[in-house]
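# Examination of the molecular architecture
Residue strings, one per chain:
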Amino acid sequence: MASVNNNDYPKNDYLKIGDVARKVGISPTVIRMWESLGLARPRRTASKYRLYTPDDVRLLKRASFLRKARGMNASAIVQMLKRDGLVEPARDGAVGAIGSRLRQLRIKKGASLATVAKAAGISVGFLSALERSQMSASVGTLRKLARYYKTNILDFYDTAEPTKHLVRPDARKILEAGRGVQMELLAWGNTVMEPHLFRIAPSAGSGESYTHVGEEFLFVLKGEMQIFLRDKEYRLKSGDSFYFESAVPHKWSNPGRIETWVLWVNTPPTF
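A short tour of the structure in this document, coming up. (Residues numbered from 1 in each chain as written. Predicted model: local features only at pLDDT ≥ 70, side-chain atom pairs only at ≥ 80, totals over all residues. Heavy atoms only, no water.)

## Re the pattern of salt bridges
Under the convention used in this document: A carboxyl oxygen of Asp or Glu within 4 Å of a side-chain nitrogen of Lys or Arg is what we treat as a salt bridge. In this description a helix means any DSSP run of H or I spanning at least four residues, a strand means any run of E spanning at least two, and both kinds are numbered starting from the N terminus.
Scanning the model with the defined rule gives 9 salt bridges in all. Note that E208 is salt-bridged to K144, the shortest N-O span being 2.6 Å. Of the two residues, E208 is situated in the loop between β5 (194-200) and β6 (215-222) and K144 in helix α8 (residues 139-148); the sequence distance between them amounts to 64 residues. Between E233 and R235 there is a salt bridge whose closest N-O contact spans 3.5 Å.

## Description of the sheet that holds strand β7 (residues 224-229)
Going by this rule: Strands pair, by our definition, only if DSSP identifies at least two bridges between them. As a rule, the C-alpha atoms of each element are fitted with a line to give its axis, helices using only the stretch in contact, and angles between N-to-C directions run from 0 to 180 degrees.
Pairing is antiparallel across the open sheet formed by 3 strands, whose spatial order is β8-β7-β10. At either margin of the open sheet sits one strand with a lone partner, and together these are β8 (232-237) and β10 (250-253). Strand-to-strand twist in this sheet, taken as the mean axis angle between neighbours without regard to direction, amounts to 20°.

## Here's the deal with the environment of F244
To be explicit about the condition: For each residue, the accessible area found with a 1.4 Å probe, counting protein chains only, is set against the maximum for its type, and the residue is called buried under 20%, exposed over 50%, and partly exposed in between. Contacts were defined at the residue level, with two residues in contact if any of their heavy atoms lie within 4.5 Å.
Looking at where F244 falls in the secondary structure, it is placed in strand β9 (residues 241-245). For F244, a relative accessible area of 4% puts it in the buried group. C-alpha separation for the pair F244 and E215, spaced 29 residues apart in sequence, amounts to 5.9 Å. Beyond its immediate sequence surroundings of up to four residues, F244 is in contact with E215, E216, L218, I227, L229 and H250.

## Description of the sheet that holds strand β3 (residues 173-176)
Taking strand neighbours across the sheet as the criterion, the 6 strands line up as β3-β4-β5-β11-β6-β9 in an open arrangement whose pairing is antiparallel. Edge positions in the sheet fall to β3 and β9, since each of these pairs with one other strand and no more. Averaged over all neighbouring strand pairs, the angle between strand axes comes to 20°, with direction disregarded. Examined bridge by bridge, β6 and strand β11 (residues 260-267) share 7 bridges and lie antiparallel to one another. Bridge assignment links F217 to a residue of β11, and that residue is V265.

## Some remarks on the nonpolar core
Using the following cut-off: By convention a nonpolar core is built from buried Ala, Val, Leu, Ile, Met, Phe, Trp, Tyr and Cys residues, the set being connected through side-chain atoms within 4.5 Å.
Ranked by size, the top nonpolar core spans 45 residues in total, and within it V139, I153, F156, M183 and W252 carry the most contacts. Of the residues forming this core, the biggest block, 5 residues, is contributed by α8. With residues up to four places along the chain from it excluded, the contact list for W252 reads V139, V181, F198, I200, G205, S206, Y210, M225, Q226, I227 and W264. Ranked by size, the runner-up nonpolar core spans 25 residues in total, among them V30, L39, M72 and V78.

## Considerations on the packing of aromatic side chains
We apply this condition: For Phe, Tyr and Trp, rings pair up if their centres lie within 6.5 Å, where Trp contributes its six-membered ring, and each pair is then called stacked (planes under 30 degrees apart), edge-to-face (over 60) or tilted (otherwise). For a ring to carry a charge above it, either NZ of a lysine or CZ of an arginine must fall within 6 Å of the ring centroid while also lying within 35 degrees of the normal to the ring plane.
In total, this model carries 6 aromatic pairs according to the counting rule given. Among the aromatic residues, those joined into a cluster by ring pairs are F198, W252 and W264. Between K251 and the ring centre of F228, over which it is positioned, the NZ or CZ distance is 5.5 Å.

## Overview of the packing of helix α6 (residues 113-120) against helix α7 (residues 124-131)
Angle between the axes and distance between the axes: these two values describe a pair of packed helices. Stated formally: When an angle is under 35 degrees it counts as roughly parallel; over 145 it counts as roughly antiparallel; between 65 and 115 it counts as roughly perpendicular; any other value is oblique. Basically, the charged four are Asp, Glu, Lys and Arg, the nonpolar ten are Ala, Val, Leu, Ile, Met, Phe, Trp, Tyr, Cys and Pro, and anything else, Gly included, counts as polar.
Two elements in contact, α6 and α7, have axes separated by 9 Å at closest approach and are oriented at 105°. Between α6 and α7, the interaxial angle falls into the category roughly perpendicular. When α6 is examined against α7, the residues L113, A114, V116 and A117 are found in contact with a partner set consisting of V124, L127, S128 and E131. Considering only residue class, the contact of α6 with α7 consists of 6 nonpolar, 1 polar and 1 charged.

Shown next as structure tokens:
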């Protein structure tokens, strides 16, 4: 891991998020997501601007190294740094942006917590914790919430930026979908496909079965994957591809001992 020169930081001076992004070599979007996991604890100005210390940058550089050199997802990084005594993660690894987005959708619809919780098959307390970013939801639960709000999981990402032809790895939009599942959006905007890189930790998965409109293509880049279409089980290994209609109830998990990487494409973007 590259060291940070304290001479870069005048006494009592701090860095803004753009400066940190350049030093660490990751996008501000990734920094904000990692912040919600406890990988940085910036100060805030009266105008709510984030201010980062040299210690914040050191921790973010370590996290960036683990991501690039070892291919670890955010949840795995937090667990390792926690084990090393370098960080105390945010509660249950939730991503703050998801919680605020879910709350915005509920308020816009004029629905109560009880109404939405019943529609999604979860408790009021769990939904409240999701909206306050104290918990993270499985893919199955996120899909039910998306259906209730007549949208898709894509809408839980911050996709307000213009469409890009080229998306660098550090510019991907990332969504944590329950413990050990990370979805990295590979393209966005006016598209007819919704491509993701799924990173699935051992024993992690989608939770219960879910359905939606469209068709899906999977290509296992690394590791193993177990997928059920209704009650039929399929076991996929690195190099295997898989295609199915999204209307068929499906659920999936990683039965292996290493993190699984899956190139996952939905069309149209109804996931």
